[in-house]
Amino acid sequence: VQLQASGGGLVQAGGSLRLSCAASGRTFSRYFMAWFRQGPGKEREFVAGVRWSVPVTYYADSVKGRFTISRDSAENTVSPQMNSLKPEDTAIYYCAAVQVGPYYVPRERNEFDSWGQGTLVTVSS
């Protein structure tokens, strides 16, 4: 599966951004789609994820209540709406995908086998 990320930019603290990941290449019914981020000097970390077949969502504690991830099966996109952004949200954001069973929730970087290019989000204080 090919992934194309977009939507990054510069925003002031408290502002909002919406990223988008366009997926192509195959059917996605068994896929788990996720967004990760990697801040300066930090490891790449899970941010949010959603099952393609049934849109159950999962979030890192650091973004719960501020980020909402959704998928559009008609457009084949996965998009996190990021509200109340903080300077510590500054990072390169990556979309990722992997086929999983119906009950497994992958959250580790090495569990995903398809990655989009990163998109930079900068939150100024």
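Refer to the structure printed above.
Parameters and conventions
- Residues numbered from 1 in each chain as written.
- Predicted model: local features only at pLDDT ≥ 70, side-chain atom pairs only at ≥ 80, totals over all residues.
- Heavy atoms only, no water.
- Salt bridge = Lys/Arg side-chain N within 4 Å of Asp/Glu carboxyl O.
- Buried < 20%, exposed > 50% of the residue type's maximum accessible area, 1.4 Å probe, protein only.
- Helix = DSSP H or I, 4+ residues; strand = E, 2+ residues; numbered from the N terminus.
- Pairing = 2+ DSSP bridges.
- Disulfide = S-S within 2.5 Å.

Caption draft 1: Looking closely at the pattern of salt bridges. Within the structure shown, the criterion is met by four salt bridges. Between R37 and E45 there is a salt bridge, with the nearest N and O atoms lying 2.8 Å from each other. Judged by relative accessible area, R37 falls into the buried class, the value being 6%. Judged by relative accessible area, E45 falls into the partly exposed class, the value being 35%. Three or more residues joined by partner-sharing salt bridges are found here, namely R37, E45, R66 and D89.

Caption draft 2: Looking closely at the environment of E88. The topology assignment puts E88 in the loop between β9 (77-82) and β10 (91-99). A relative accessible area of 49% means that E88 is categorised as partly exposed.

Caption draft 3: Layout of unusual backbone geometry. Phi is positive for N76, close to 55 degrees, though the residue is something other than glycine. Tracing the backbone through its elements, the reader meets N76 in the loop between β8 (67-72) and β9. Not every positive phi belongs to a glycine, and S84 is a case in point at roughly 50 degrees.

Caption draft 4: Molecular detail of the pairing of strand β5 (residues 31-38). Here β5 lies mainly inside the structure; seven of its eight residues are buried. Of the strand pairs in this sheet, β5 and β10 are connected by eight bridges, and their pairing is antiparallel. Opposite Y31, over in β10, you have Q99 as the bridge partner. Bridging between β5 and strand β6 (residues 45-51) involves six bridges; their strand directions are antiparallel. From the neighbouring strand, M33 faces β6, where its bridge partner is V50.

Caption draft 5: Expanded view of the state of the cysteines. Overall, the coordinates contain one disulfide when judged by the stated rule. What pairs with C21 in a disulfide is C95, and their sulfur atoms sit 2.3 Å apart. Taking the sign of the torsion about the S-S bond as the criterion, the disulfide between C21 and C95, at about 65 degrees, is right-handed. Highlighted residues: C21 in strand β4 (residues 20-24) and C95 in strand β10, separated in sequence by 74 residues. Across this residue pair, the class does not change: C21 and C95 are buried.

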